[in-house]
Amino acid sequence: MRIIVVYPPGGLSDGVARALAERLSWQLGVAVRVENRGGGGGSVGLQALARAPADGHTLAFSAVSPLTLRPHLGAVGYDPFRDIEPVASVMYTPVLLVGTPTFTGRGFADLLVQAKAHPGALRWATSGLATAGHLVLEQVQLGSRVAVTHIPYKGGGQQLTDALGGQFELLSTNVAPAQLAHIEAGRFKPLAVGAPQRLDVLPQVPTFAELGLPQANVTSLFGLFAPGGTPTRVLDRLNAEINAAVQTPPIRERLLASDNLPALGDRPSFARRIAEEWRSNHQLKGANIKME
């Protein structure tokens, strides 16, 4: 059995996927290998999933954005509702906006002042086109009527290295131990967070909703997916096994330690959340976002 991680190695999602693979291997009694296929904001990996046999032996670990946002902004090599089957949600991840050592402001208000004074001068990096971090960026631009330059990466690992090197001023990232350590050391300035409420680990950092930008208050939902046409009995069995795995102490504690919330539930609930997010993102279809 294999799990395609639609991001490069080294990020939070890759670590969670590998922990899940290890646990599922024990529960199912089969070898489970992880294969990283980054690119296209997750669409490259999901295209590989869509072409895999629909027998339950191939899954993909991804945020929902390659299904709910990416198809609105450009062609993808799969139908998000016909070719991909939601299997089980795994975690909600807050989207954290930080200023890098190159950012001269002190808070989010300074970001807006600089962006209005010098349109396009601020460089804002995300983990890829049509990711949750990219969605936050676009919603900030639309809601605040400012212009920044988007720097899309192919995952979270390299962008963190480049952020520390001052290659850009702003970064959408996950709330993870490495990022929190850099904040504590003063290398990153936390500016805002996409979450239902302020995070216990960063109580001084306002949510985007508090800043008057509720559309940018994005929390990224991650889960496991199967090729379209996978038998229902197989999908239901995998859903039960994944829910059980997420509830085990090693994985649950791993998520909570980085302010990620376990997301449990049945397949219909996961599918409904994806459909709702797809509809809400439809407004960005005409936002002149270039995907090349």
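Here the structure is a predicted model, which is why all the values come from computation and not from measurement.

Conventions used here
- Residues numbered from 1 in each chain as written.
- Predicted model: local features only at pLDDT ≥ 70, side-chain atom pairs only at ≥ 80, totals over all residues.
- Heavy atoms only, no water.
- Salt bridge = Lys/Arg side-chain N within 4 Å of Asp/Glu carboxyl O.
- Buried < 20%, exposed > 50% of the residue type's maximum accessible area, 1.4 Å probe, protein only.
- Helix = DSSP H or I, 4+ residues; strand = E, 2+ residues; numbered from the N terminus.
- Polar contact = N/O pair within 3.5 Å; in protein donor to acceptor, adjacent residues only side chain to side chain.
- pLDDT = per-residue confidence, 0-100.
- Axes fitted to C-alpha atoms, helices over the stretch in contact; angles between N-to-C directions.
- Parallel < 35°, antiparallel > 145°, perpendicular 65-115°, else oblique.
- Left-handed = near helix turned anticlockwise from the far one by under 90°.
- Contact = heavy atoms within 4.5 Å.
- Nonpolar A, V, L, I, M, F, W, Y, C, P; charged D, E, K, R; others polar.
- Pairing = 2+ DSSP bridges.

Peer 1: Provide a residue-level description of the pattern of salt bridges, including the pertinent values.
Peer 2: Enumeration according to the criterion identifies ten salt bridges in this entry. One salt bridge in this structure joins Asp83 and Arg82, with 3.2 Å as the shortest N-O distance. On the basis of relative accessible area, Asp83 is assigned to the buried category, the value being 19%. Given a relative accessible area of 59%, Arg82 falls into the exposed group.

Peer 1: Mind laying out unusual backbone geometry, listing which residues take part and the relevant values?
Peer 2: Despite not being glycine, Arg145 shows a phi value in the positive range, around 55°. Inspection of the secondary structure puts Arg145 in the loop between helix H6 (132–144) and strand E6 (149–152). For Arg145, a relative accessible area of 76% translates into the label exposed.

Peer 1: Can you break down the side chain of Asp14 residue by residue, with the values?
Peer 2: Tracing the sequence through the fold places Asp14 in helix H1 (residues 12–28). At 2.9 Å, the side chain of Asp14 forms a polar contact with the side chain of Asn36.

Peer 1: With reference to specific residues and values, describe the environment of Gly212.
Peer 2: Mapped onto the fold, Gly212 is located in the loop between strand E8 (189–194) and strand E9 (219–227). Sequence-wise, Gly212 and Phe188 are 24 residues apart; in three dimensions their C-alpha atoms are separated by 23 Å.

Peer 1: Lay out the confidence of the model for the protein in plain terms, naming residues and giving numbers.
Peer 2: For the protein, per-residue confidence averages 91 on the pLDDT scale, and residues scoring 70 or more make up 96% of the total. Considering each helix and strand of the protein separately, the mean pLDDT is smallest for helix H4 (residues 70–73), with a value of 83, and largest for helix H5 (residues 108–117), with 98.

Peer 1: Quick one: what's the story with the packing of H1 against helix H9 (residues 232–246), residue by residue and with numbers?
Peer 2: Between H1 and H9, the least distance of the axes is 10 Å, while the angle of their chain directions is 120°. Taken as axis vectors, H1 and H9 run oblique relative to one another. At the point where H1 passes H9, the crossing takes the right-handed sense. Across the interface between the two elements, Leu20, Arg23, Leu24, Gln27 and Leu28 from H1 touch Arg237, Glu241, Ile242, Ala244, Ala245 and Val246 from H9. Taken together, the residues of the contact of H1 with H9 break down into seven nonpolar, one polar and three charged.

Peer 1: Account for the pairing of E9, with residues named and values stated.
Peer 2: By the criterion of burial, E9 is predominantly enclosed, with nine of the nine residues buried. Relative to E9, strand E4 (residues 84–99) runs antiparallel, the two sharing nine bridges. Of the residues in E9, the one forming a bridge with Thr93 is Ser220.

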